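An overview of the molecular structure
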Amino acid sequence: MALREVQAARDLGVNVVQGHELGSRAGLDELLGTHDAVILALGLGAVPAIGIPGEEYILDGLDVIEASKMERPTGVGASAVIIGAGNTAIDAATIARRSGADTLMVYRRTEHEMTAYRHEYEFALHEGIRFSFLTQPVEVLHENGQVTGLKCVRMRLGAPDASGRARPEPMPGSEFVIPCDTVISAIGQEKPALAAALGLELDGGYIRVDDALQTSLPRVYAAGDCVRARGNASTVMAVQDGKIAAASIEQALGRTPRVTLKPTPPAEVRDHPLYLAAHGPVPRNAAPTGPGQTPTGHAPATEAHHG
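Residues numbered from 1 in each chain as written. Predicted model: local features only at pLDDT ≥ 70, side-chain atom pairs only at ≥ 80, totals over all residues. Heavy atoms only, no water.

**So, the overall build of the chain**
Looking only at helices and strands, the chain has 9 helices and 13 strands in total. With 307 residues in all, the chain has 35% of them scored as buried. When contacts within the chain are restricted to residue pairs at least 6 apart in sequence, long-range pairs at least 24 apart make up 57% of them. Accessible surface, the chain: about 17,200 Å² in total, of which carbon and sulfur atoms supply 53%. (Helix = DSSP H or I, 4+ residues; strand = E, 2+ residues; numbered from the N terminus. Buried < 20%, exposed > 50% of the residue type's maximum accessible area, 1.4 Å probe, protein only. Contact = heavy atoms within 4.5 Å. Areas by Shrake-Rupley, 256 points an atom, 1.4 Å probe, with all protein chains shown as cover.)

**Things to note about helix 7 (residues 235-252)**
Taking 1.5 Å as the rise per residue, helix 7 with 18 residues should run 26 Å; its terminal C-alpha atoms sit 26 Å apart, in good agreement. Residues of helix 7 that are buried in the fold lie against strand 1 (38-40) and strand 13 (220-222). A positive backbone phi angle near 80 degrees is found at G254, which sits one or two residues after helix 7. (Expected span 1.5 Å × (residues − 1).)

**Some words on the environment of M171**
Looking at the secondary structure, you find M171 in the loop between strand 8 (166-170) and strand 9 (176-179). Residues M171 and L157, spaced 14 residues apart in sequence, show a C-alpha to C-alpha distance of 10.0 Å. Once residues within four sequence positions are removed from consideration, M171 is found in contact with V153, R154, M155 and R156.

**Some words on the pattern of salt bridges**
Opposite charge on two side chains allows them to pair when their charged atoms are near. All told, the structure shown has 11 salt bridges when counted by the stated rule. We note a salt bridge from D29 to R25, for which the minimum N-O separation is 3.3 Å. Separated by 4 residues within a single helix, D29 and R25 lie in helix 2 (residues 25-34), roughly one turn from each other. Residue classification places R25 among the partly exposed positions, given a relative accessible area of 35%. One salt bridge in this structure joins R228 and D241, with 2.5 Å as the shortest N-O distance. Highlighted residues: R228 in the loop between strand 13 and helix 7 and D241 in helix 7, separated in sequence by 13 residues. Classification of R228 as buried rests on a relative accessible area of 14%. Look at D241 and you get buried, because its relative accessible area is 6%. (Salt bridge = Lys/Arg side-chain N within 4 Å of Asp/Glu carboxyl O.)

**Examining the packing of aromatic side chains**
For the structure on display, the rule yields 3 aromatic pairs. Judged by centre distance (6.3 Å) and plane angle (75 degrees), the rings of Y121 and F133 are edge-to-face. Taken together, the residues span a long stretch of sequence, with Y121 in helix 5 (residues 118-127) and F133 in the loop between strand 5 (130-132) and strand 6 (135-143) at a distance of 12 residues. With centroids separated by 5.6 Å and ring planes inclined at 15 degrees, the aromatic side chains of F131 and F133 adopt a geometry described as stacked. Residue classification places F131 among the buried residues on the basis of a relative accessible area of 18%. Three or more aromatic residues joined by ring pairs make a cluster, and in this case those are Y121, F131 and F133. In this structure, R154 packs its charged tip against the face of F176, placed 4.1 Å from the ring centre. (Phe/Tyr/Trp six-rings, centres within 6.5 Å; stacked < 30°, edge-to-face > 60°. Lys NZ or Arg CZ within 6 Å of the ring centre and 35° of its normal.)

**Here we look at the packing of helix 3 (residues 61-69) against helix 4 (residues 87-98)**
Close contact between helix 3 and helix 4 brings their axes to 9 Å; oriented N to C, the two are set at 50 degrees. On the basis of their axis angle, the class for helix 3 and helix 4 is oblique. As helix 3 packs across helix 4, the resulting crossing turns out to be left-handed. In contact with G61, L62, V64, I65 and S68 of helix 3, helix 4 contributes T88, D91, A92 and I95. Looking at the contact of helix 3 with helix 4, its residues break down into 5 nonpolar, 3 polar and 1 charged. (Axes fitted to C-alpha atoms, helices over the stretch in contact; angles between N-to-C directions. Parallel < 35°, antiparallel > 145°, perpendicular 65-115°, else oblique. Left-handed = near helix turned anticlockwise from the far one by under 90°. Nonpolar A, V, L, I, M, F, W, Y, C, P; charged D, E, K, R; others polar.)

**Quick notes on the pairing of strand 3 (residues 79-83)**
Among the 5 residues in strand 3, 5 count as buried, and that is most of the element. Covered by surrounding structure in strand 3 are S79, V81 and I83 together with A80 and I82, the residues of both alternating faces. As judged from the 5 bridges shared by strand 3 and strand 4 (residues 102-106), these two strands associate in the parallel manner. Each bridged residue has a counterpart across the sheet, and for I83 the counterpart in strand 4 is V106. Between the parallel elements strand 3 and strand 4, the chain passes through helix 4 in a crossover that is right-handed. Relative to strand 10 (residues 182-185), strand 3 runs parallel, the two sharing 4 bridges. Within strand 10, the residue paired with I82 across the bridge is I184. (Pairing = 2+ DSSP bridges. Right-handed = clockwise from strand over helix to strand, strands pointing away.)

**Quick notes on the side chain of T215**
The residue T215 is located in the loop between strand 12 (206-207) and strand 13 in this model. Taking the relative accessible area as the measure of exposure, T215 reaches 7% and is therefore buried. Within the structure, the side chain of T215 is placed 3.1 Å from the backbone nitrogen of L217, a separation counted as a polar contact. Dropping the residues within four chain positions of it, T215 is found in contact with L200, I207, R208, V209, V220, Y221 and A222. (Polar contact = N/O pair within 3.5 Å; in protein donor to acceptor, adjacent residues only side chain to side chain.)

Spelled out as structure tokens, the structure:
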């Protein structure tokens, strides 16, 4: 899939340069010396360490997803436990489940604090994925290099923490073991370390941008998860960011943007009862909102994870 998308970009006339890495402000200045603008679409980093004994036997959720997309072995066995409760964790759990593994997701809070979209949670349940809430892993058990179980402790919710969610607290004497042969971690991703190396202003570790997606540096824009300091991150939103950045650069260069930022939802979307309940009727004769724009109306920002 990814290779086909790269080829589609090439077919549009995009020059894809391989074997080069942007790692310093000098490298960014070199790009700005030969181009009108630069868009940083860095994404985020690796899944952070949990800090428990036996962690070296945990599979990275992003690696599992990548292996599945590239049709490589995922390393998932017959019984998998996924640590986390976001959309990426559900992606990893879905891959494990569809590979035939008995799959359980563990999360230290409750379903009400999950960061995954509700429809993703319901999708996982429909797939036969089980959940263990108020559960905190404390050790990966293993014998002769093979995972045999995940030791956990029961949690209870206390006062809100910095995120505004109830802080999970361990319950003394509540340790138990979940037998399994695979443990996958998907507890979020590290912030883009390159941003600081490039001298960009940050917002909670993410790249700070304005409404036009311009960074603190002239002619440098950023899009995607690396700027998602607030709100939900998804493929759909990253694509929209690309359109906004492209329109902003066109305007900065004195040209009229040829990008549709506010598409009218197709009939099968705008007439759907769920869409109507969430957004109300879409005006059928609304005036265009700007150069190259179609009438106002936003389709639901959802991401297709499991096609």
